[in-house]
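Coordinates in review
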Amino acid sequence: MSTKNLVKIFEKSLPRCPSSPANKKTAEEIAEILIKSGLKPFKTNPSLISDLNSNTTDLVLSNPNLPINSCTLFFNFLRTNLSLTPQKPNLQTHLSFIRRLHKAGNFEEIKQVLKFIVSDENIRCPVEEILSLFDFEFDNSYFLYKLSDLLFRVCVDNKRFEEANLVFDYMKKMGFNIDERSCILYLVALKKSDKGDSFFEFFRRMVNSGVEIGAYSMTIVTDGLCRRGEVEKGRELMNEMASKGVKANVVTYNTILNAYVKRKDFGVVSEVLMLMEREEVEYNAATYTVLIEHFGNIGKHDEVEKLFDEIGERKVEMDVHLYTSMIHWHCRRGSIKKAVSLFDELTEKGLVPNARVYGALIDGLCKTGQMEAAQLLLKDMQSQKIVVNQVIINTLLHGYCRKGMMDDALRLVAVMEKKGFKPDVFTYNIMASGMSRLKRYEEAKRWLFMMVENQLTPNAINFTTLIDIHCKEGNIVEAKRLFRQLQGKGESPNTVTYNALINGYSKKGEMKDAYKLRDEMEAKGRIPDVYTYTSLVHGECSFGNIDEAMKLFNEMRQKGLVPNAVTYTAIIAGLSKKGRSDEAFRLYNEMISLGHVPDQRVYSSLVGSLHTT
DNA sequence: GTAGGGTTAG
């Protein structure tokens, strides 16, 4: 294309930058200086520069005698010395430079220049304009394809999603084979940017535009849907794509599996596993990670053991994720020794432990009350230069609180605050419930109030803790008020929240209200659990209604709920108080046979039962 | 340039 035609186009498309004719002499002089100075910084006299316009610049950049490095030098000079030149480098200048770069085969640099065009405030112009100029400037269709692909990627890199769409349309119109890999970059960027389901819409466009789709991009979209809670839509997509010949791979299946596991949709998990078997998709480390969590959640510990064996037999390559889930599972089961040995194994294998593995193990030690060991591990972690984060701190705090070591907990909070840590909703809750457990109710409430003062929004768990504190103090009115406040926020109280309040009413003997709440929770789909029944049993027993208590006791067992030590203690006390010694002893034996450990209260009740007629 | 892991309430 001749310069004359280009000028016409520029006049039409860029009315804001009127073109003056090229000054051939100036262009030649500049080229000469550039050639002479080689790679040394470009130096020129002000009169030459003041004579520059975009057409003259264009002449310089398209001068075949000028080496590409000198072009680059000159171009960068223009870009970085805006105050010296009368006219800023415009679109024409950029495209001229791109043409030179193309001849030199330097696509990296072309991408950089496109980035300037797209994102530089001095040059920015609508992408339609850029594309229409592409057509005029470049007649090599492969290069045009490469250029638009690069432009597409540049738009994506700079989060110019609308513009990326326009480039996509352009490529489609031009009949280019759009590269799936470029689309993947767009999908990932859209998914990260939290722009609703735009990634899904774009995927549809990919499919409709004949982009060759593979499992990779399908998985990204499936995962995006799952994270938005639309797991079914994700599965439908898998099926739809399968009918188009795009097979899901192990990553796709892991994505779906994980979504169902997190949603505790246990039935579907086995369905997906069967599908994997039928499709002969082999499990990898990520699959095992998800499955250990799944079978751990539903208490199928023998299944977890089986998975461990399988991992060993199949020589699955273990990674830190898998170790973490195994360590976590052992900790949950209380086999801290096994957890520690897995941790050692991990480091021996040369894998690098991170904050999460440390977190899992520290939690395990805290839960078994081994605070010194937990502290040691924290020091170890620090010596490995692993950043101690909020989760680890909260884990340790919880450990101290569980043991009633409030001074240690307070000290740790103080130390961490000095280091710039901000307590979060977890921290405040841990501290409040720690205080509450020691009946230090004023301090407990203060922690939760401090949380609000520090601009954090209390969640349902924080509310539950506060409700429980008020119930324990006997202030059921305030507890009830908070309960309604929580409902008013649109957050529905869960089983634990209901239980806290039911326990409060039961302790006061206000059984009518307690039962009313029990009915309300059932109506709302919150299933009463052992805690609900234990509170009610305890309430009835305390106020002498042993028959009601026995009715509840039998009802809960009919529902498949297993009474715990507290339930037995309450009912044995209730029976004893009424002198129903035989029944009390029968339940005592039952309690023992179930492995519960009776405490002093059980024995004094039983002894008392013998003195009551 | 796709997936998986650690912390709070009775």
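Residues numbered from 1 in each chain as written. Chains lettered and ligands numbered in written order. Predicted model: local features only at pLDDT ≥ 70, side-chain atom pairs only at ≥ 80, totals over all residues.

Describing the overall build of chain A
- In terms of helices and strands, chain A carries 35 helices and 0 strands.
- Whereas a compact globule of 613 residues would reach a radius of gyration of roughly 25 Å, chain A reaches 35 Å, over 25% beyond that.
- Structurally, chain A occupies a C-alpha span of about 125 × 55 × 50 Å along its principal axes.
- Within chain A, the proportion of its 613 residues that are buried is 38%.
- For chain A, contacts bridging at least 24 residues in sequence account for 63% of all contacts bridging at least 6. (Helix = DSSP H or I, 4+ residues; strand = E, 2+ residues; numbered from the N terminus. Rg over C-alpha atoms; globule rule 2.2 N^0.38 Å. Buried ≥ 20, exposed ≤ 12 C-beta atoms within 10 Å, placed from the backbone. Contact = placed C-beta atoms within 7 Å.)

Let's talk about the confidence of the model for chain A
- Of all residues in chain A, 97% have pLDDT values of 70 or greater, and the mean over the chain is 92.
- A low-confidence stretch, residues 1-17 stays under pLDDT 50, and its non-local contacts, those more than four residues away or across chains, total 20 contacts. (pLDDT = per-residue confidence, 0-100.)

A look at the protein's contact with DNA strand B
- Inspection of the region around DNA strand B gives 61 residues, with Thr219, Ala286, Gly359, Asn429 and Tyr531 positioned closest.
- Its residues assigned to classes, the surface near DNA strand B shows 26 nonpolar, 26 polar and 9 charged. (Near = placed C-beta within 6 Å. Nonpolar A, V, L, I, M, F, W, Y, C, P; charged D, E, K, R; others polar.)

Side note on helix 12 (residues 198-208)
- Those residues of helix 12 that sit buried are Phe199, Phe200, Phe202, Phe203 and Met206. Along helix 12, the residues classed as buried sweep out an arc of 160° about the axis, all on the same side. Those residues of helix 12 that are exposed and aimed more than 90 degrees away from the buried face are Arg204 and Asn208.
- The elements touched by buried residues of helix 12 are helix 11 (180-192) and helix 13 (215-227).
- One or two positions beyond helix 12, positive phi appears at glycine 210, with a value near 80°. (Arc of directions from axis to C-beta.)

So, the nonpolar core
- Core analysis: the biggest nonpolar cluster contains 148 residues, and Val167, Ile327, Leu361, Ile362, Leu501 and Ile571 have the highest contact counts within it.
- When sequence neighbours within four positions are dropped, the list of residues in contact with isoleucine 362 reads Ala374, Leu377, Leu378, Ile392, Thr395 and Leu396. (Core = buried A, V, L, I, M, F, W, Y, C linked by C-beta atoms within 7 Å.)

Some remarks on helix 21 (residues 355-367)
- The terminal C-alpha atoms of helix 21 lie 18 Å apart, and with 13 residues this matches the ideal 18 Å at 1.5 Å per residue to within 8%.
- The element helix 21 is largely enclosed, with a buried count of 10 among its 13 residues.
- Buried residues belonging to helix 21 abut helix 19 (320-332), helix 20 (336-348), helix 22 (371-383) and helix 23 (390-402).
- Backbone geometry just downstream of helix 21 places glycine 369 in the positive-phi region, at approximately 75°. (Expected span 1.5 Å × (residues − 1).)

So, the environment of tyrosine 603
- By the element assignment, tyrosine 603 lies in helix 35 (residues 600-611).
- Look at tyrosine 603 and you get exposed, because 12 C-beta atoms sit within 10 Å.
- Note: C-alpha distance between tyrosine 603 and alanine 573 (30 residues apart in sequence) is 9.2 Å.

Some remarks on the packing of helix 13 against helix 15 (residues 250-262)
- Remark: helix 13 packs on helix 15, axes separated minimally by 9 Å, with the N-to-C direction vectors making an angle of 10°. Regarding the angle of helix 13 to helix 15, the classification is roughly parallel. Residues Ala215, Met218, Thr219, Thr222, Asp223 and Cys226 of helix 13 form the contact with helix 15, whose participating residues are Val251, Thr252, Thr255, Ile256 and Ala259.
- Of the residues assigned to the contact of helix 13 with helix 15, the class counts are 6 nonpolar, 4 polar and 1 charged. (Axes fitted to C-alpha atoms, helices over the stretch in contact; angles between N-to-C directions. Parallel < 35°, antiparallel > 145°, perpendicular 65-115°, else oblique.)

Structural notes on unusual backbone geometry
- Even without being a glycine, lysine 159 presents a positive backbone phi close to 55°.
- As for its placement among the helices and strands, lysine 159 is situated in the loop between helix 9 (141-157) and helix 10 (161-173).
- Looking at lysine 159, the number of C-beta atoms within 10 Å reads 14, which means it is partly exposed.
- For lysine 385, which is not glycine, the phi torsion reads 65° and is therefore positive.
- With respect to the helices and strands, the residue lysine 385 is situated in the loop between helix 22 and helix 23.

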